[in-house]
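What follows is the residue order along each chain.
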Number of protein chains: 2
Amino acid sequence: MKILVAQSGGPTAVINASLSGVVKRAKMLKHEIIGGLYGIEGILESRLVNLKMQNEEMRLLEKTPGSYLGSCRYNLPEPPNQIYDSFFDVINANKIDAFLYIGGNDSMDSVAKISMEAKRRKLPLLAGGIPKTIDNDLVKTDHCPGFPSAAKFLNVVASEFVIDSNAYSKVSICVMEIMGRDSGWLTASIKLSEEIVNGLNVITYIPEKAVTETQILDEVSTKKGMLLVAVSEGIKNTDGKYFSSIEIKDAFGHPKLGGAGEKVANIIEKIGKVKFVNPSFLQRSASHIVSEVDVKEAVMVGMDAVNALEKGKNAFFVSIERNDGNVYSSKTKIISIEGIGNKIKTVPADFDDLMLKAYVRPLIGKMPKYARRKI
Amino acid sequence: MKILVAQSGGPTAVINASLSGVVKRAKMLKHEIIGGLYGIEGILESRLVNLKMQNEEMRLLEKTPGSYLGSCRYNLPEPPNQIYDSFFDVINANKIDAFLYIGGNDSMDSVAKISMEAKRRKLPLLAGGIPKTIDNDLVKTDHCPGFPSAAKFLNVVASEFVIDSNAYSKVSICVMEIMGRDSGWLTASIKLSEEIVNGLNVITYIPEKAVTETQILDEVSTKKGMLLVAVSEGIKNTDGKYFSSIEIKDAFGHPKLGGAGEKVANIIEKIGKVKFVNPSFLQRSASHIVSEVDVKEAVMVGMDAVNALEKGKNAFFVSIERNDGNVYSSKTKIISIEGIGNKIKTVPADFDDLMLKAYVRPLIGKMPKYARRKI
């Protein structure tokens with residue numbers, strides 16, 4: 001079989017581990033493996049490479065940030081459309097038997113559209129989607145590769161940040177902006193820092209729950225001691241307006257640009273000293289501190305995508321299921337790609353702190369331990 | 001001997017490793033060791049603790065962020081001043097024989113003032129200063145503990161950031177703001193990322209060298225391929241004005257800066273797509289990715305401060321000297337505290353890229369290696 005694999009959307013710390021899984025399993029099964037550069041955008045321009053990787057290169061790949069094959073933010077239009085003629089011209093010209101796409105919501109939608117269109121054209125192409133997103137917002141999977149590593153990095157640096165900021169006798173309120181336009185999984189995961197730093201309170205503001213300036217001030221005022229406020233970039237107020245679109249002024253009365261996190265920091269400054277950090281792109285590229293569970297699962301979804309092709313599966317999505325039992329373990333499940341793309345799994349309203357921590361803890365793995373003064 | 005130790009100024013990832021060195025050596029030599037909480041500010045309020053730490057706690061301490069004893073930003077006034085009466089009241093009441101202060105420029109000035117004042121009062125107190133600053137701007141030492149770890153964190157995340165940002169077919173210019181009010185050592189150190197990421201060009205803007213908007217645009221325009229622009233928070237234009245639009249004062253009356261990086265990003269946006277990150281406090285607290293050389297040396301300066309006291313030294317500073325030879329090694333040198341405080345070691349104008357990289361490389365140690373596509 002000749003398999004074409006490509007990567008799409010924002011990179012994660014482990015998107016290349018999934019690529020490594022695909023290449024490794026394809027090599028084992030003696031399939032030919034072709035890389036599409038810059039996702040579907042590059043494939044449409046016939047930018048294909050032969051992926052003859054050596055073992056050392058594949059080992060490095062598992063901890064390499066970015067997208068090894070290059071990525072794109074390209075949404076396939078609704079078929080019928082002549083774009084599909086171009087796409088299948090490349091597929092046919094290169095005698096591709098199967099297409100695997102590693103990506104998020106939009107990419108899974110592309111996989112579904114390609115499957116549908118191949119069927120309509122009576123072409124034998126098999127297609128499958130491999131999940132990837134730090135946002136953790138793909139439906140029908142326990143979680144998404146990329147999320148555990150981003151959550152690990154953020155919990156570790158959040159812990160370091162609050163300990164650093166509270167070195168002085170006067171308490172500082174720490175505010176951190178976290179990625180996540182439509183879902184608050186990553187922001188919510190910062191709650192776990194309470195288990196790393198003794199006496200820390202974490203307040204999280206997520207897109208799923210509208211919040212007002214008054215509510216923020218009330219909630220922050222009630223907390224004593226060390227406080228970290230984690231703010232999703234996509235939070236809205238009760239009028240449905242993004243916090244990032246609210247205009248704020250700096251100390252000189254000049255309008256100050258900034259995202260949701262800076263807006264919340266500005267609000268809290270009315271009642272206390274605030275320290276603000278926006279880890280931005282660092283949170284999705286931190287391959288130096290990946291979660292080992294995440295790397296393992298990212299490789300696993302890649303390998304099992306090839307296994308599914310081997311069984312003749314088509315129009316599939318590699319989902320992750322958490323096994324029962326006290327010790328964390330997981331397995332993949334090959335499900336239909338239908339109903340995956342363009343859906344968003346949000347944090348349920350009844351998902352409380354205990355449930356959240358139990359969900360995130362095993363994905364992150366071993367957390368740092370610090371010396372702490374008793375008084 | 002009864003030794004009082006305290007920490008001052010902004011924490012680093014290894015300021016607690018120096019504390020561990022002090023405690024460890026004092027224990028070995030059967031000295032009593034007292035911690036002063038929140039630096040001189042807390043000592044003036046008699047906030048002292050007995051540091052009876054177990055080995056496990058001391059091991060953790062070496063990789064604990066923040067300041068274990070608490071810190072302050074407090075500058076002792078010029079003597080004579082009644083503040084010194086209060087200070088020596090605490091010293092005498094607690095029968096303290098020696099005082100060690102772990103800190104930066106301002107703290108070394110405090111050590112010098114305390115020594116001078118003890119001498120004037122004919123009190124037998126010994127005093128010594130232990131270097132600490134990510135800014136690397138203390139004079140008469142090869143480098144300062146804290147700098148190597150901050151430089152390591154920044155080079156690693158800068159590499160991850162540029163690889164992540166260049167996943168797309170369209171090139172992004174990456175801009176990063178780096179701490180350093182008066183000296184550009186940390187910003188300059190980012191040059192080393194060129195050795196981690198193949199084909200990367202790093203441009204650095206440091207406080208030592210004024211720069212105009214036109215110069216920035218000209219320099220950025222000439223670079224091809226992957227580009228990272230590292231900007232010190234304290235850069236100025238040729239009129240001597242800070243790039244940052246926000247100018248507020250910190251506790252010492254120094255201008256407190258923010259926004260220089262954003263300003264440069266804004267300028268560069270005129271000629272290309274820009275991605276911006278400000279790691280802010282994360283760069284000084286990243287104990288999860290300390291440089292092993294840094295931890296070792298931070299412990300060493302702490303231990304050798306106690307060794308100096310043991311020899312009856314007074315009014316001293318523990319400086320680090322780089323040994324000759326191809327393999328990096330270093331030793332401490334006990335020098336006079338006179339002329340250390342409030343001086344700033346800047347990056348010399350003739351310190352070129354090769355010299356800079358040779359200076360920083362061994363301090364950081366092993367750097368990550370990534371898989372990279374050939375085409």
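Asks: Explain the packing of helix H6 (residues 147-165) of chain A against helix H13 (residues 353-364) of chain A to me, please; I cannot follow it from the model alone.
Replies: A packed helix pair is summarised by two numbers, namely the angle formed by the two axes and the spacing between the axes. Residue and element names in this part refer to chain A. Relative orientation of the contacting elements H6 and H13 amounts to 95°, with a least axis distance of 9 Å. As summarised for this structure, H6 and H13 are arranged roughly perpendicular, according to the angle between their axes. Across the interface between the two elements, Pro-148, Ala-151, Lys-152 and Asn-155 from H6 touch Val-360, Leu-363 and Ile-364 from H13. Taken together, the residues that form the contact of H6 with H13 break down as five nonpolar, one polar and one charged.

Asks: How should the sheet that holds strand E7 (residues 201-205) of chain A be read in this particular structure?
Replies: Two strands in a sheet stick together by hydrogen bonds in their backbones, pointing the same way (parallel) or opposite ways (antiparallel). All names here are of chain A. Across the sheet, which stays open at both edges, the four strands sit in the order E7-E8-E6-E11 with parallel pairing between neighbours. Two strands lie at the open edges of the sheet, namely E7 and strand E11 (274-277), each paired on one side alone. When the angles between neighbouring strand axes are averaged without regard to direction, this sheet yields 20°. Here four bridges tie strand E6 (residues 173-178) to E11, and the two strands are oriented parallel to one another.

Asks: Would you mind going over the interface of chain B and chain A with me for this structure?
Replies: Quite often, the size of an interface is put as the accessible area lost when its parts meet. Taken together, the 50 residues of chain B in the interface contact 50 residues of chain A. Those elements that provide at least two residues to the side of chain B that touches chain A are helix H2 (39-43), helix H3 (55-61), helix H6 (147-165), strand E11 (274-277) and helix H11 (282-285) of chain B. Broken down by element, the side of chain B that touches chain A gets its largest block of residues, seven residues, from H6(B). Residues that form the side of chain B that touches chain A fall into these classes: 27 nonpolar, 15 polar and eight charged.

Asks: Is there a simple way to think about the relation of the copies chain B and chain A in this case?
Replies: Both copies of the chain are placed relative to one another by a rotation about an axis and a shift along it. Once chain B is rotated about the relating axis by 180° and shifted along it by 0.0 Å, it coincides with chain A to within an RMSD of 0.1 Å. What the rotation and shift describe, once combined, is the action of a two-fold rotation axis. Among all residues of chain B, the minimum C-alpha distance to the rotation axis is found for B:Pro279, at 3.0 Å. With an isologous cut-off of 70% or more, the 96% of interface residues of chain B that recur at the interface of chain A puts this contact in the isologous class.

Asks: Sorry, what's going on with the environment of B:Glu219 here?
Replies: All names here are of chain B. Counting through the fold element by element, Glu-219 comes out in helix H9 (residues 213-222). Under the C-beta neighbour-count criterion, Glu-219 is labelled partly exposed, with 14 such atoms within 10 Å. Expressed as a C-alpha distance, the spacing of Glu-219 and Ser-183, which sit 36 residues apart in the sequence, is 21 Å.

Asks: Is there a simple way to think about the domain arrangement of chain A in this case?
Replies: Residues and elements named next belong to chain A. Domain boundaries in chain A define domain 1 (2-146 + 287-336) and domain 2 (150-286 + 350-364). Centre-to-centre, using C-alpha coordinates, domain 1 lies 33 Å away from domain 2. At the interface, 19 residues of domain 1 touch 17 residues of domain 2. A per-class count over the side of domain 1 that touches domain 2 returns seven nonpolar, nine polar and three charged.

Asks: Mind showing me how you'd approach the nonpolar core here?
Replies: One recurring pattern in soluble globular proteins is that nonpolar side chains are buried together. Among the nonpolar cores identified, the biggest contains 238 residues, and A:Val175, A:Leu228, A:Val229, A:Val264, B:Val175, B:Leu228 and B:Val229 are the most heavily contacted of them. With sequence-adjacent residues up to four places away left out, A:Leu228 is seen in contact with A:Ala158, A:Val162, A:Cys174, A:Met176, A:Ile190, A:Ser193, A:Leu200 and A:Val202.

Asks: For this particular structure, what's the right way to read unusual backbone geometry?
Replies: Excluding glycine, a negative phi dihedral is what most residues carry, and trans is how most peptide bonds are arranged. All names here are of chain A. The residue after Pro-79, namely Pro-80, is reached through a cis peptide bond having omega 0°. If you trace the backbone, Pro-80 turns up in the loop between helix H3 (55-61) and helix H4 (82-93). Of note, Lys-95 is a non-glycine position whose phi angle comes to about 50°, a positive value. Note on Lys-95: 9 C-beta atoms within 10 Å, which makes it exposed. Even without being glycine, Lys-122 reaches a positive phi, approximately 55°. You can see Lys-122 is positioned in the loop between helix H5 (105-120) and strand E5 (126-131). Residue Lys-122 is classed as exposed on the basis of its 6 C-beta neighbours within 10 Å.

Asks: I'm lost on the packing of H9(B) against helix H10 (residues 260-268) of chain B in this one. Help?
Replies: Residue and element names in this part refer to chain B. It is at 10 Å that the axes of H9 and H10 come closest, and there the two elements cross at 60°. Here H9 lies oblique to H10, going by the angle between them. By crossing handedness, the relation of H9 to H10 is classed as right-handed. Within the contact between the two elements, H9 uses Glu-213, Ile-216, Leu-217 and Val-220 and H10 uses Val-264, Ile-267 and Ile-268. Looking at the contact of H9 with H10 residue by residue, the class counts come to six nonpolar, no polar and one charged.

Asks: Is there a simple way to think about the sheet that holds strand E7 (residues 201-205) of chain B in this case?
Replies: Residues and elements named next belong to chain B. Pairing is parallel across the open sheet formed by four strands, whose spatial order is E7-E8-E6-E11. The outermost strands of the open sheet, each flanked by one partner alone, are E7 and E11. Within this sheet the neighbouring strands show an average axis-to-axis angle of 20°, counted without direction. Where E7 lies against strand E8 (residues 227-232), five bridges are found, and the strand directions are parallel. Following the sheet pairing, Asn-201 is matched in E8 by Leu-227. Set on the sheet, H6 makes contact with strand E6 (173-178), E8 and E11; between it and E6 the angle comes to about 155°. Sheet strands in contact with H10 are E6, E7, E8 and E11, and its direction is about 160° off that of E6.

Basis of the calculations
Residues numbered from 1 in each chain as written. Chains lettered and ligands numbered in written order. Predicted model: local features only at pLDDT ≥ 70, side-chain atom pairs only at ≥ 80, totals over all residues. Axes fitted to C-alpha atoms, helices over the stretch in contact; angles between N-to-C directions. Helix = DSSP H or I, 4+ residues; strand = E, 2+ residues; numbered from the N terminus. Parallel < 35°, antiparallel > 145°, perpendicular 65-115°, else oblique. Contact = placed C-beta atoms within 7 Å. Nonpolar A, V, L, I, M, F, W, Y, C, P; charged D, E, K, R; others polar. Pairing = 2+ DSSP bridges. Least-squares fit on C-alpha atoms with pLDDT ≥ 70 in both. Buried ≥ 20, exposed ≤ 12 C-beta atoms within 10 Å, placed from the backbone. Domains from an automatic or database assignment. Core = buried A, V, L, I, M, F, W, Y, C linked by C-beta atoms within 7 Å. Left-handed = near helix turned anticlockwise from the far one by under 90°.

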